[in-house]
Amino acid sequence: MSDILEFNEIYQEVKGTWNDGRLRFSKQTVVFKNSKTGKVDSIGVSELTQAQWRRVCLGHGIKLCTTTGHIYKYDGFKDTDLDKISEYFKANYKVELMEKDMCVKGWNWGTAKFNGPLLSFEVNDSPAFEIPLSSVSQCATGKNEVTVEFHQNDDTEVSLMEVRFYVPPSTGDEGSDPVEAFAQNVLSKADVIQATGDAVCIFRELQCLTPRGRYDIRIYPTFLHLHGKTFDYKIPYTTVLRLFLLPHKDQRQMFFVISLDPPIKQGQTRYHFLILLFSKEEEVSLTLNMNEEEVERRFEGKLNKNMSGSLYEMVSRVMKALVNRKITVPGNFQGHSGAQCITCSYKATSGLLYPLERGFIYVHKPPVHLRFEEIACVNFARGTTTTRSFDFEIETKQGNQYTFSSIEREEYGKLFDFVNAKKLSIKNRGFKEGMKGNDNMYSDSDDDQHDAYLERMKEEGKIREEANDSDDSEGESDESFNPGEEDDDIAEEYDSKASASESSADGGDSDEDRKKKPAKKAKFVKERKPRKKEKKAKDINAPKRPMSAYMLWLNSSRDRIKSENPGISVTEISKKAGEMWKQISKDKKEEWEGKAEEAKKDYERAMREYKESGGAGGSSNSSKKERKKKGGKNEEKKKKKSGGGKEKEKERATGNDSFKSREFISSEESSSESERGKGRKRKGSDDEEEAVSTPPSSEESGSD
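Residues numbered from 1 in each chain as written. Predicted model: local features only at pLDDT ≥ 70, side-chain atom pairs only at ≥ 80, totals over all residues. Heavy atoms only, no water.

J.: What's the story with the overall build of the protein in this structure? I'm lost.
T.: A tally of helices and strands in the protein yields 19 helices and 31 strands. In the protein, which comprises 704 residues, the share counted as buried stands at 35%. The contacts of the protein with a sequence gap of at least 6 include a subset with a gap of at least 24, amounting to 48%. Entry remark: accessible area of the protein is about 44,600 Å², with carbon and sulfur atoms responsible for 47%. (Helix = DSSP H or I, 4+ residues; strand = E, 2+ residues; numbered from the N terminus. Buried < 20%, exposed > 50% of the residue type's maximum accessible area, 1.4 Å probe, protein only. Contact = heavy atoms within 4.5 Å. Areas by Shrake-Rupley, 256 points an atom, 1.4 Å probe, with all protein chains shown as cover.)

J.: Looking at this model, I keep getting lost on the packing of aromatic side chains. Mind explaining?
T.: Two aromatic rings, taken as a pair, are described by how far apart their centres are and by the angle between their planes. Tallying each qualifying case throughout the model produces 33 aromatic pairs. Ring geometry for Phe114 and Phe182: centres 5.3 Å apart, planes at 70°, overall edge-to-face. In this pair, Phe114 is assigned in strand S9 (residues 111-115) and Phe182 in helix H2 (residues 178-189), connecting sequence segments 68 residues apart. In this structure an aromatic cluster arises from ring pairing among Phe333, Phe360, Phe372, Phe380, Phe390, Phe392, Tyr412, Phe416 and Phe418. Of note, Lys105 hangs over the ring of Trp107, and the distance from its end group to the ring centre comes to 4.6 Å. (Phe/Tyr/Trp six-rings, centres within 6.5 Å; stacked < 30°, edge-to-face > 60°. Lys NZ or Arg CZ within 6 Å of the ring centre and 35° of its normal.)

J.: What is the right way to look at the packing of helix H11 (residues 549-564) against helix H12 (residues 570-583) in this model?
T.: In a packed pair of helices, the relevant descriptors are the angle between the two axes and the axis-to-axis distance. In contact at an axis separation of 10 Å, H11 and H12 are set at 115° when each is read in the N-to-C sense. In this structure, H11 crosses over H12, and the sense of that crossing is right-handed. Contact with H11, carried on its side by Ala549, Tyr550, Trp553, Leu554, Arg558, Arg560, Ile561 and Lys562, involves Ile573, Ser574, Lys576, Ala577, Gly578, Met580 and Trp581 of H12 and no other residues of that element. (Axes fitted to C-alpha atoms, helices over the stretch in contact; angles between N-to-C directions. Left-handed = near helix turned anticlockwise from the far one by under 90°.)

J.: Before we go on, may I ask you to explain the side chain of Lys63 in this structure?
T.: Checked against the element boundaries, Lys63 lands in strand S6 (residues 59-66). Only 3.2 Å separates the side chain of Lys63 from the side chain of Glu130, close enough to count as a polar contact. Apart from the residues lying within four places of it in its own chain, the contact partners of Lys63 are Gln50, Ala51, Gln52, Arg54, Ile71, Tyr72, Lys73, Leu118 and Glu130. (Polar contact = N/O pair within 3.5 Å; in protein donor to acceptor, adjacent residues only side chain to side chain.)

Purely geometric stuff here, so don't read any function into it on its own.
What follows is the structure, encoded as structure tokens:
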């Protein structure tokens, strides 16, 4: 058998909630580590007095009792684990693992037994439920009744507030009251904080950041009492999880942080951290309210009766001795300025981030402590507001994300080296290693950096310009408007009927202008993209398509739906009809599908007869004319480009490359042009329109 037994996904019961973690049995200790908080509970083997195996809600569980009076409950074991754990206990521990059955009768009367720190309610010598008296916050008595109140746990969804016990009157000795005896047994082991006796020492007017204010701290043997002007807090030492002593960035102040689980409460506010701020220069002389022999016996040399030194040193030394916890200080990390912390912002509040040996802690508002073992990955991101800073993002295994922003870019190298040395997973490792060591990694200028989005926008802009050049004739004519240009479309359109004298005079003017004006750059003809295929026009004379089975049924059932649902809207009719169609039987649907099939055959027969009679050709010609009437300005633009192709060739042959402005066009030409734009029918206009509608390539091939 191995020396260690380890179990994952084991749950520890703490004040009504189940905390998951890992349980390990070794020859010296039993250790449970909380997965959420990282808190470690260690039980020495020599302290074990009793071990029970029980059937519980999460499967099977173990209850361990110790000589100090503590009881530990661990659930989540499998049935097959019993033999393995029992053999291990026999071989390594002096305690035998016994099986104990719970009473499940559901009776609410029985016998209350006080077994040390545990109140057991038994029915027929079998425990029905058990109450750890350390969870009791108050005990009140009445006539034949005892009310037990409990500490509340914020981690539980449902909390047990109180339990009431009916205690029957005693028939024996009249001098003893059974109700008072019951209450005294509960209070003797209950976790009720009472400030009895004198405090060990008192620190006056300490500055506290959370909860904010100045408090007198009274140190008692079992708890810490914060006394302020408005609020008082009593903190048992058993709730202290960790202690931190952190130097401020200005090197003149110190933070003393106390991590609490469960937190202290003020209304709906929970304080998981108690943060004190001290000045390094402040000195204090402290005298403990105990004699020297008691100090030596209780603290074993950790404290003296008379001590003096810096205030933060005295507070941390006393807390360490009473709580019996180590004090965590920053490790070897040093930032760009030489400090052991980094200035940053968290949730729009500026603070300090301390990289520790086993985690990160941020102070102070709100305080955050993240252990390395609960961190899934980290990420270095560019600052959102300025390029002279960056963000440090931490993602935990539970899916929570913490973003520390506005970190100076000079801190990047040190922080990256620290994270890399701790072997944390870096989400953008490759990108950041390439930037490492470069002082200008967050330079203000973006000229040297490749912007993929900008390049893509430029490419799309070029494609858009090419499409506009090929499609937009007006933009083309404005750009190339020059009387001296040989290929100018506007000049050729209006020069088709120009006289020789006018064209020669215009040609003279154009020659003079050509001499005065500088020569234009050569024009590159861009390859035109194929135009989108025009949508086929609907033939209005063709037979109508047949309806589907659903539409035939809907038309016959529409009136019935309206009558059954008065005031129903059109959309609601469709929705209702869809639901009714789904519920129609298969035979009924086949009947309507048969009708739809007959309608389809009739349509195919009518379409065949329509095509044989030549109806499709005539309708296509009429649809062409209708489209040209609807075209409007778009058709005129096409005419300007494609019309007058033959006139172009004639003028080129005669050498007429002059330009004739619009005011020299005769009234007949303008009237004919306007009539053609309005779409009026004239003799021979059909032939001209067909020539316009055909592509220029086909027209030129026909003329050749």
